[in-house]
Amino acid sequence: MKKPVDLFFKLLELLVVVSLVAMVIMVFGNVVLRYAFNSGILVSEEMSRYCFIWLTYIGAMIAMRERGHLGVDTLVKHLPVAGKKACLFVSEGLMLLCNVLFFVGTWKMHELQMSNVSPVVGISMIWIYGIGYVVGVVMALFNLHVLWRLVTGRITEEELVQVVESEDLPHGDLTDTEALLRDGARP
């Protein structure tokens, strides 16, 4: 099961790169055309906007898998194990609820988005906002996986605090200044 999931997220990472490159090319090309030739490509403005929407949602799915979203663990890390478990259950439950609402909201807007056509490109807007289906399902599956591991007791105590430390700082109790001094840099 791990292999198809890894492959799926490699595809998502590729889509992020493709979206970013497409945005840069379209926006830069449009800027050059406007300044140099006093013209522009209308499609590039709209498509770069759509690429940005997809890039944002796909990036959110990747960040959730890597536990890269921002979090504050000030209170949770000082709780006993039972308190950490309760906080994780509530947190994952609320995120699951939000993902279900996101999916249902996309479902309810489906008919409207099917008939709504983008002004310049002329494609159905469900191709843009339909990403809500994918995001809602993928992120909900992650929430369900964490909840399942929590309920069955397969989650470690370190995983109860879902905040990942910065990769820039060494692990331990060094402050930013101490870490810089240790590496030979000046604060």
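Numbers given to residues run from 1 along each chain, matching the order in which its sequence is written. The predicted nature of this model means local features are confined to residues of pLDDT at least 70 and side-chain atom pairs, given and counted, to a pLDDT of 80 or more, with totals for whole chains, interfaces and linings taken over all residues. The basis for every side-chain value is the complete set of heavy atoms in the structure, and neither hydrogens nor water enter the calculation.

**Student:** Which residues make up the packing of aromatic side chains, and what values go with them?
**Tutor:** Ring geometry is summarised as follows: Phe, Tyr and Trp rings, the Trp one being its six-membered ring, pair when their centres sit within 6.5 Å, and such pairs are stacked at plane angles under 30 degrees, edge-to-face over 60 and tilted between the two. As enumerated under the stated definition, the model contains five aromatic pairs in all. When the ring of Phe 8 is compared with that of Phe 9, the centres are 5.4 Å apart and the planes differ by 85°; the resulting orientation is edge-to-face. Taking relative accessible area as the criterion, Phe 8 reaches 31% and is therefore assigned partly exposed. Judged by centre distance (5.6 Å) and plane angle (70°), the ring pair of Phe 9 and Phe 142 falls under edge-to-face. Relative accessibility thresholds used throughout: buried, under 20% of the residue-type maximum; exposed, over 50%; partly exposed, between the two (1.4 Å probe, protein chains only).

**Student:** Give a description of unusual backbone geometry that names residues and reports values.
**Tutor:** Not every positive phi belongs to a glycine, and Asn 38 is a case in point at roughly 55°. Strands are runs of DSSP state E lasting at least two residues, helices are runs of H or I lasting at least four, and both sets are numbered from the N terminus onward. Note that Asn 38 resides in the loop between helix H1 (2-37) and helix H2 (42-65). Here the phi dihedral of Arg 67 falls at roughly 55°; this positive angle occurs in a residue that is not glycine. Mapped onto the fold, Arg 67 is located in the loop between H2 and helix H3 (81-115). Arg 67 sits in the partly exposed class, given a relative accessible area of 30%.

**Student:** With reference to specific residues and values, describe the packing of H2 against helix H5 (residues 131-151).
**Tutor:** A fitted line through C-alpha atoms represents every axis, and for helices the fit uses only the stretch in contact; the resulting angles, taken between N-to-C directions, go from 0 to 180 degrees. Where H2 meets H5, the closest approach of the two axes is 10 Å, and the angle between their N-to-C directions is 10°. Taken together, the axis directions place H2 and H5 in an arrangement best described as roughly parallel. Here Trp 54, Tyr 57, Ile 58, Ala 60, Met 61, Met 64 and Arg 65 of H2 lie close against H5, whose contacting residues are Ile 131, Val 134, Val 135, Val 138, Met 139, Phe 142 and Asn 143. Its residues assigned to classes, the contact of H2 with H5 comprises twelve nonpolar, one polar and one charged. For classification, angles of less than 35 degrees are called roughly parallel, those exceeding 145 degrees roughly antiparallel, those between 65 and 115 degrees roughly perpendicular, and all remaining angles oblique. Contact criterion: two residues are considered in contact whenever any of their non-hydrogen atoms come within 4.5 Å of each other. Any residue outside Ala, Val, Leu, Ile, Met, Phe, Trp, Tyr, Cys, Pro, Asp, Glu, Lys and Arg is labelled polar, Gly included; the first ten of those are nonpolar and the last four are charged.

**Student:** Break down H3 for me, with residues and values.
**Tutor:** Helices are assigned an expected span. That span is 1.5 Å times one less than the residue count. Taking 1.5 Å of rise per residue, 35 residues should cover 51 Å, and H3 covers 51 Å from first to last C-alpha, within 8% of that figure. Considering bend angle alone, the principal kink of H3 is centred on Met 109 and spans about 50°. The set of residues buried in H3 consists of Gly 83, Lys 84, Leu 88, Glu 92, Leu 96, Asn 99, Thr 106 and Gln 113. For a residue, the bend is simply the angle between two axes, fitted respectively to the seven-residue segment ending there and the seven-residue segment starting there.

Spatial relationships are all this shows, so hold off on functional conclusions.
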